[in-house]
Amino acid sequence: MGSLTAEKEKLALGEEWSEEAIIYVNGVRRVLPDGLAHLTLLQYLREIGLTGTKLGCGEGGCGACTVMVSSYERHMKKSMHFAINACLAPLYSVEGMHIITVEGIGNCQRGLHPVQESLAQAHGSQCGFCTPGFVMSMYTLLRSNKQQPSEEQIEENLAGNLCRCTGYRPIVDAFRVFAKTDDSLYTNSTSASTSKGETICPSTGKPCLCGKDKVSSSTSSVVACGKKHQSVSFSEIDGNAYTDKELIFPPELRLRNIMPLSLHGFGGIKWYRPLRLQHVLDLWSCYPEAKLVVGNTEVGIETKFKKAQYKVLISVTHVAELNVLNVKDEGMEIGASVRLTQLQEILRKVTAERPCHETSSCTAMLEQLKWFAGKQIRNVASVGGNICTASPISDLNPLWMASGAKFQIVNCKGNIRTVLAKDFFLGYRKVDLQHDEILLSILLPWTRPFEFVKEFKQAHRREDDIALVNAGMRIWFRKDEGSWMISDISIVYGGVAAVSLTASKTETFLIGNKWDMKLLEDALSVLKEDICLAHDAPGGMIEFRKSLTLSFFYKFFMWVTHEMNQKGAFKEGVHATQLSAIQRYARPTSDGNQSYELVRHGTAVGLPMAHLSSKLQVTGGAEYTDDTPTPPHTLHAALLLSKRAHARILSIDDSFAKSSPGFVGLFLSRDIPGSNKIGTIVHDEELFASEIVTCVGQVVGIVVADTHENAKAASDKVNIEYKDLPAILSIREAIKSCSFHPNTERCLVKGDVKWCFDSGICDRIAEGEVQVGGQEHFYLEPHSSLVWTVDSGNEVHMLSSTQAPYAHQIFVALVLDLPLSKVVCKTKRIGGGFGGKETRSCFVAAAASVASYHLRRPVKIVLDRDVDMMITGQRHSFLGKYKVGYTNDGKILALDLELYNNAGNSLDLSLSVLERAMFHSENVYDIPHIKVRGQVCYTNFPSNTAFRGFGGPQGMLIAENWIQRIAVDLHKIPEEIRELNFHNEGSVLHYGQLLQNCTLRQVWDELKASCDFLKARESVSHFNLQNRWKKRGIAMVPTKFGISFTAKHMNQAGALVHVYTDGTVLVTHGGVEMGQGLHTKIAQIAASSFNIPLSSVFVSETSTDKVPNSSPTAASANSDMYGAAVLDACEQIKARMQPIASRNKESSFAEVARACYMERIDLSAHGFYITPDIGFDWKVGKGTAFNYYTYGAAFAEVEIDTLTGDFHTRVADIVMDLGHSLNPAIDIGQIEGAFIQGIGWIALEELKWGDADHKWIRPGNLYTCGPGTYKIPSVNDIPLKFKVSLLKGVPNPRAIHSSKAVGEPPFFLASAVLFAIKDAIIAARAEEGHFDWFPLDNPATPERIRMACIDSITKHFASPNYHPKLSV
Ligand SMILES: Cc1cc2nc3c(=O)[nH]c(=O)nc-3n(C[C@H](O)[C@H](O)[C@H](O)COP(=O)(O)OP(=O)(O)OC[C@H]3O[C@@H](n4cnc5c(N)ncnc54)[C@H](O)[C@@H]3O)c2cc1C
Ligand code: FES
Ligand code: FES
């Protein structure tokens, strides 16, 4: 910076600029020192110890970092509250504001806030990592609303918060108690009927009006719940009436004048916050390279993920001239810094107040903003920020352009010019702003009579997702000689080019014409040529995106026709069935219903107890690995990763890294003291790649620095030179090149398939292929480990976020060449695992241990979300090739099946996953002749791994595909084929196991009655007849899931139980608490065993030095196994206490324990359990693979928009047999969570890898590596009616207290949604005369749904057999 700039800056800054930055955090005043401009609010909060606010993604996509920010608005004389993502908020952007975090509203010592209390009691927190974010979103809604929010508002408000565990239903129910309700929905029952806790809702834990069904203290009773809850009273005073401890807005901040700020940050960053436009312009002229920033939702992403570096940041949030909101004669003037939620408010106001014909643009804007990001983003993101980013998929820019908006631009000299929005966007992220200009404001003109504006958007996920294609369209009619002619029209698309694109040829073609069906046909033909997308355009999905452009116009045509007809201008309106093209999606609130039998056993077993850590989780007090206070001198690590799919490493140059700030060390393969060869079953991986890399994201080394950011920066500076080698990037390529992991060929045979096919007894034979997509775990807590050495490296200890502490112990011991006895791994809880932290967490900890070992300092490693997603493996994609023979009645006689899974570059658990897929490949169907062969494919992707269901869902999904195909071939409904082929009690499975205690038909019949299947079929058919462009579909799908590890030796469990002299009990066992409520169930078992209250039992962290050699927490069997081990320990202690207890019959447990102590009786025991009578021999392909089976069935009803591929689930009804549930509330939570996760797998979550079908992605790279591109279900994706019932009166003789395992079995039931979607598509295709069978891969994204709904639009772009691309 020259001296001239310094001089100018001095002038620009003048006297009044302040370097004093003050914020309040949870009521405590904090002076922010200068030099922190590089920090986000989240980093700051966590650094000052407020670790309740979590880092889930760092890109505004998950809501785990939600906090409430309050600022005092002088002109309104009140404080305003809004929820924001702390991960994107620059620290200084909240200067002068009050930040309230989850710790600030309640805690376990002072008491919980009602929002926290309700969530804890309602089972709305499982792993708890997302929980503080939900709490803060809800809390802010209450404080920012003058009135109680409606239920719709609550659901809408939670769209920016993701939860991977609960399935959202309990969260919504927990928060619904704060909603404004229709009193008539509630009975008049008051606390009188809820006294003595007898009608505490077993599902939500809140007082509930479940009427006659009460929790009984007797051994068994039936509970049905799901009616609305009683609302909590609300005070209007700033929402702060829930407790007298509510934090108020700090008086100092109310009185204090906001000052312009001039501050700095690490690396020479300058941060300015001017208050007046003149100051902005002066600074702008001093620093032409400066970056304006408002919400930082774009700039933050650029700096974090695209490595952009901005040295001068000018925050224009507080500049009055940029915040104008004026209603003028010619339209609305909107300042460039106006936030999107402010824009929504004013738009709502003007649409309510002004004549309807004037506000068509405003309505379109409002509708579009509904689907624009989540609330937290809209609260900070600005109108100007969106415009000036000029993203080709901006949701608003097509609307500004179509509406004829004008942009006011001001330059450094204060000169203002106006440019039409349609002329403003010049190219990819390029706008008509000179280097000395900024956007001042936008003028949105009122619409005229007979002028209509409409918005369109289609994304992967409806809520909080960026568009695949969007559009803004406007038309204006004038009457000419009695006819209505098109006087003006604008058609603008986003998502089809590098810039928002006007369909100019189509516009020209249309102007001056009459708006009729003939014109529509011609216009579509012109439009088709007008909007061109290259076959290799970034983003792919070309045929779909092109179809959308026409579909949108078709919808626009129908809508305009309808509007003109409604106004009496057109005689003819839209035919009733065609109206379905234009009905707006409006989501009513969801409704949950749960029903189960309570079978109580002792003091606690069988009761719907809340998760033991729930109170800690809702208050932010629960510690995860990254929250644990670090030991002194802790260093931070980042992995050095391969950028090539398959290559030889030629050289590694670390010279630039070494001079990077804070750098401490780089460790490569040569630095590993022990073995570099690692692996779960076979040692086929290298901890640090030494010569060859075999996938993008493979670890080459680890960089350590003083901070996480510095470690990442240094690792970016390590330069690796490669020589590329051929890479295998799909299952098909692997099969073609015989690229399989060694010794992974498997075969199961029953009967004689060949004979059956040759004999001619099959009336029909069908052959086909099924592709099954993979899935990212997306646990909210990323992989993390803290490793430190003891006694100069003689021992190593670690805290790890893992499902397998024992495996961490093994890996670390191996790479450091230490005996297992000197390595300890502890895990208190993890923020979700789902299989993703079963084996793939090990190498992360092992890598950190190498650095810690060499440096003799603690090393912490926390993976960024994108790295985590890229390198730690996913659910295996599969390819199934089937040949199935059956009779004309639908009885299946023979199945010949080949299964291939995509293992990636190491074996990991892939063989076991394949084996389970093979075991489950007949799902629930009794087929006399079966042959199933399988093989594990080697590909150049990161190693795939365990994921809930462990191959079972893939095998069953392939099965349901051929079932569905048989049904189509025979013109029957699939449910009929299913029923006809069900297994029965005593069936012998294709691997020789005898089916015992089979409750399949009971489950099925109960579901059929519950969903009233025949009536549902009738009503769906009726709907489909009446609606051309919306179709509904239904399906019922069963499941049978085998419980046990298929590796026999893993079916063992240990536990340690101590009884203390105060009568409390400490339990440690080998299982990990990852949200599934394992510790709660274990505590219930111990409490019931000792006949003491649950509160007397504490389950401590999992630790390899307490219980050795534990299997990973996986395979759903942990409450069975650890429960039995704990019971064994309790029984041993009880037996020792018995003589004393029998002498002291009236004494309490504590008194007996004390008496035992005085008698020198050992009150500690180790318990052990092995699952009996199991074992499978692959050599003969026969055996008892599983201890028992968990059965279930689900019904789903969906509705699709055939023009866009949009869908939603209207109904999900699930029945499961869980024996006598140990804790029905937790089990219901597992079912709901698994089902919603399953919906993600079958309908939303698409992994896009750089492969032959996705050439626009670099080979071997993962494109979908964050919540921005990878969409897991959000709260608005849950079924509108969501019913879960547990089968009653079915004790399971094979597991503890007659219970059954639950974690994985319900996952597959979500396939009912996939087959319901397919059913709806069948109805759509029938409209066009297509009755043939067609494939539908999972996930059934809008692309797959739309392209399968063949019509005159899709035919322009794809053949009827078109099969959208999928990475498998
Ligand atoms: C999780 C997430 C979800 C999102 N969802 C959507 C979505 O659904 N639809 C969509 O369209 N976008 C979406 N976005 C993109 C982004 O939120 C919007 O573009 C937002 O409006 C940007 O506003 P901002 O104030 O945060 O911009 P900032 O990041 O502060 O600034 C963005 C750019 O605008 C420039 N700028 C700001 N004000 C001016 C001015 N007055 N004059 C000149 N230049 C200026 C800045 O210098 C910068 O280059 C999403 C982003 C995230 C992180
Ligand atoms: S961490 Fe901030 S939104 Fe995910
Ligand atoms: S409880 Fe929501 S992510 Fe685990």
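**Observations regarding the overall build of the protein**
Thought 1: Along its length, the protein carries 38 helices and 50 strands.
Thought 2: Relative to its length of 1368 residues, the protein is compact, with a C-alpha radius of gyration of 31 Å against a globular reference of 34 Å.
Thought 3: Structurally, the protein occupies a C-alpha span of about 95 × 75 × 75 Å along its principal axes.
Thought 4: Within the protein, the proportion of its 1368 residues that are buried is 65%.

**Some thoughts on the site of ligand 1**
Thought 1: Around ligand 1, 31 residues are found, and the nearest of them are Lys291, Leu292, Val294, Thr297 and Ser382.
Thought 2: Between an oxygen atom of ligand 1 and a main-chain N or O atom of valine 294, the distance comes to 2.7 Å.
Thought 3: In the environment of ligand 1, an oxygen atom lies 2.9 Å from a nitrogen or oxygen atom belonging to the backbone of asparagine 296.
Thought 4: Here ligand 1 has 990 Å² of accessible area as a free molecule, and 92% of this is covered by the chains.
Thought 5: Among the secondary structure elements, those contributing two or more residues to the shell around ligand 1 are strand E9 (291–293), helix H13 (383–389) and strand E17 (437–445).
Thought 6: The greatest single-element share of the shell around ligand 1, amounting to four residues, is contributed by H13.
Thought 7: In terms of residue class, the shell around ligand 1 is made up of 16 nonpolar, nine polar and six charged.

**Some details on the packing of aromatic side chains**
Thought 1: If you walk through the whole model with that rule in mind, you get 40 aromatic pairs.
Thought 2: When the ring of tyrosine 991 is compared with that of phenylalanine 1176, the centres are 6.2 Å apart and the planes differ by 75°; the resulting orientation is edge-to-face. Taken together, the residues span a long stretch of sequence, with tyrosine 991 in the loop between helix H29 (974–980) and helix H30 (1000–1011) and phenylalanine 1176 in strand E46 (residues 1175–1177) at a distance of 185 residues.
Thought 3: Look at tyrosine 991 and you get buried, because its relative accessible area is 0%.
Thought 4: Ring geometry for phenylalanine 1186 and tyrosine 1189: centres 5.7 Å apart, planes at 65°, overall edge-to-face. Of the two residues, phenylalanine 1186 and tyrosine 1189, neither departs from the other in class, the shared state being buried.
Thought 5: Aromatic ring contacts, followed pair by pair, group Phe452, Phe477, Trp515, Phe553, Phe556, Phe557, Trp559 and Phe570 into a single cluster.
Thought 6: Residue placement shows arginine 865 over the ring face of phenylalanine 778; its charged tip is 4.5 Å from the ring centre.
Thought 7: Cation over ring: arginine 978 sits above phenylalanine 1315, and NZ or CZ is 5.7 Å from the ring centre.

**Brief notes about the pairing of strand E19 (residues 467–480)**
Thought 1: The buried count for E19 comes to ten of 14 residues, which makes it a mostly enclosed element.
Thought 2: Sheet topology places strand E18 (residues 451–459) next to E19; nine bridges connect them, and they run antiparallel. Considered in E19, the bridge of lysine 454 is made with methionine 473.
Thought 3: Two elements, E19 and strand E20 (residues 483–494), share eleven bridges in a ladder whose sense is antiparallel. Paired with arginine 474 across the bridge in E20 is serine 490.
Thought 4: Remark: two residues form the turn of the hairpin made by E19 and E20, two consecutive strands paired antiparallel; glutamate 481 in that turn has positive phi of roughly 45°.

**A few points about the sheet that holds E19**
Thought 1: With antiparallel pairing, four strands are arranged side by side in an open sheet as E18-E19-E20-E21. Each edge of the open sheet carries a strand with a single partner, namely E18 and strand E21 (501–502).
Thought 2: Contacts from helix H18 (residues 542–566) reach E18, E19 and E20, with the element oriented near 35° to E19.

**A closer look at the packing of helix H24 (residues 805–816) against helix H25 (residues 842–855)**
Thought 1: In contact at an axis separation of 9 Å, H24 and H25 are set at 40° when each is read in the N-to-C sense. On the basis of their axis angle, the class for H24 and H25 is oblique. The way H24 lies across H25 gives a crossing that is right-handed. For the pair H24 and H25, contact is made by Ala807, His808, Phe811, Val812, Val815 and Leu816 and by Cys842, Phe843, Ala845, Ala846, Ser849, Val850 and Tyr853, respectively.

**Observations regarding helix H3 (residues 114–121)**
Thought 1: Among all positions in H3, only Val115, Gln116, Ser118, Leu119 and Ala120 are buried.
Thought 2: Taken together, the buried residues of H3 touch helix H4 (131–144), helix H6 (169–176) and helix H19 (614–619).
Thought 3: Just past H3, the residue histidine 123 takes up positive phi, approximately 65°.

**With respect to the packing of helix H33 (residues 1118–1143) against helix H34 (residues 1149–1158)**
Thought 1: With their axes 9 Å apart at the nearest point, H33 and H34 run at an angle of 110° to one another. Relative to H34, H33 is oriented roughly perpendicular. On the side of H33, the interface is formed by Met1137, Ile1140 and Ala1141, while H34 contributes Phe1149, Val1152, Ala1153, Ala1155 and Cys1156.

**Looking at the pairing of strand E3 (residues 66–73)**
Thought 1: Counting buried positions along E3 gives seven out of eight residues, so the element sits mostly inside the fold.
Thought 2: Bridge count for E3 against strand E4 (residues 78–85) is eight bridges, and the pairing is antiparallel. By the bridge assignment for E4, valine 67 is matched with isoleucine 84.
Thought 3: The turn linking E3 back onto E4 is made up of four residues, and lysine 77 within it adopts a positive phi angle of 55°.
Thought 4: Relative to strand E5 (residues 98–100), E3 runs antiparallel, the two being bridged by three bridges. Of the residues in E5, the one forming a bridge with methionine 68 is isoleucine 100.

**Side note on the side chain of arginine 746**
Thought 1: Tracing the sequence through the fold places arginine 746 in strand E31 (residues 746–750).
Thought 2: Judged by relative accessible area, arginine 746 falls into the buried class, the value being 18%.
Thought 3: Apart from residues no more than four positions distant in its own chain, arginine 746 is found in contact with Leu911, Glu915, Met918, Val932, Arg933, Gly934 and Trp1178.

**Section: the environment of valine 67**
Thought 1: Mapped onto the fold, valine 67 is located in strand E3.
Thought 2: Among the residues examined, valine 67 registers a relative accessible area of 0% and is labelled buried.
Thought 3: Residues valine 67 and leucine 55, twelve residues apart in the sequence, show an inter-C-alpha distance of 12 Å.
Thought 4: Contacts of valine 67, omitting those with residues within four sequence positions, involve Leu41, Leu45, Thr53, Phe82, Ala83, Ile84, Ala86, Ile99, Ile100, Thr101 and Met136.

**Topic: the sheet that holds strand E1 (residues 21–25)**
Thought 1: Taken together, five strands build an open sheet; the order of strands is E2-E1-E5-E3-E4 and the sheet is mixed. What marks the edges here is a single partner per strand, and that holds for strand E2 (28–32) and E4. Each adjacent strand pair in this sheet contributes to an overall mean axis angle of 30°, direction not counted.
Thought 2: Examined bridge by bridge, E1 and E2 share five bridges and lie antiparallel to one another. Bridge pairing in E2 places isoleucine 22 opposite valine 31.
Thought 3: The sheet contacts of H4 involve E3, E4 and E5, and relative to E3 the element is tilted by about 25°.

**Here's the deal with the pattern of salt bridges**
Thought 1: Under the definition given, this model contains 73 salt bridges.
Thought 2: Of the charged contacts, one joins arginine 273 and glutamate 95 as a salt bridge, the two residues approaching to 2.9 Å between their closest N and O atoms. Of the two residues, arginine 273 is situated in strand E8 (residues 269–273) and glutamate 95 in the loop between E4 and E5; the sequence distance between them amounts to 178 residues. This pair shows no difference in class: arginine 273 is buried, exactly as glutamate 95 is.
Thought 3: Put simply, arginine 1028 and glutamate 1328 hold a salt bridge, and the shortest N to O gap is 3.0 Å. Taken together, the residues arginine 1028 in the loop between helix H31 (1013–1026) and strand E40 (1030–1043) and glutamate 1328 in the loop between helix H36 (1311–1327) and helix H37 (1342–1348) connect sequence positions 300 residues apart.
Thought 4: According to the relative accessible area criterion, arginine 1028 is buried, its value standing at 10%.

**A closer look at the environment of lysine 931**
Thought 1: Along the chain, lysine 931 falls in strand E39 (residues 929–938).
Thought 2: Judged by its relative accessible area of 29%, lysine 931 falls in the partly exposed class.
Thought 3: Taking the C-alpha atoms as reference, lysine 931 lies 61 Å from cysteine 1156; in sequence the two are 225 residues apart.
Thought 4: Excluding residues within four positions of it along the chain, lysine 931 makes contact with Cys747, Leu748, Val749, Val753, Leu895, Asp896 and Leu897.

What counts, and at which threshold
- Residues numbered from 1 in each chain as written.
- Chains lettered and ligands numbered in written order.
- Predicted model: local features only at pLDDT ≥ 70, side-chain atom pairs only at ≥ 80, totals over all residues.
- Heavy atoms only, no water.
- Helix = DSSP H or I, 4+ residues; strand = E, 2+ residues; numbered from the N terminus.
- Rg over C-alpha atoms; globule rule 2.2 N^0.38 Å.
- Buried < 20%, exposed > 50% of the residue type's maximum accessible area, 1.4 Å probe, protein only.
- Near = heavy atom within 4 Å.
- Polar contact = N/O pair within 3.5 Å; in protein donor to acceptor, adjacent residues only side chain to side chain.
- Areas by Shrake-Rupley, 256 points an atom, 1.4 Å probe, with all protein chains shown as cover.
- Nonpolar A, V, L, I, M, F, W, Y, C, P; charged D, E, K, R; others polar.
- Phe/Tyr/Trp six-rings, centres within 6.5 Å; stacked < 30°, edge-to-face > 60°.
- Lys NZ or Arg CZ within 6 Å of the ring centre and 35° of its normal.
- Pairing = 2+ DSSP bridges.
- Contact = heavy atoms within 4.5 Å.
- Axes fitted to C-alpha atoms, helices over the stretch in contact; angles between N-to-C directions.
- Parallel < 35°, antiparallel > 145°, perpendicular 65-115°, else oblique.
- Left-handed = near helix turned anticlockwise from the far one by under 90°.
- Salt bridge = Lys/Arg side-chain N within 4 Å of Asp/Glu carboxyl O.

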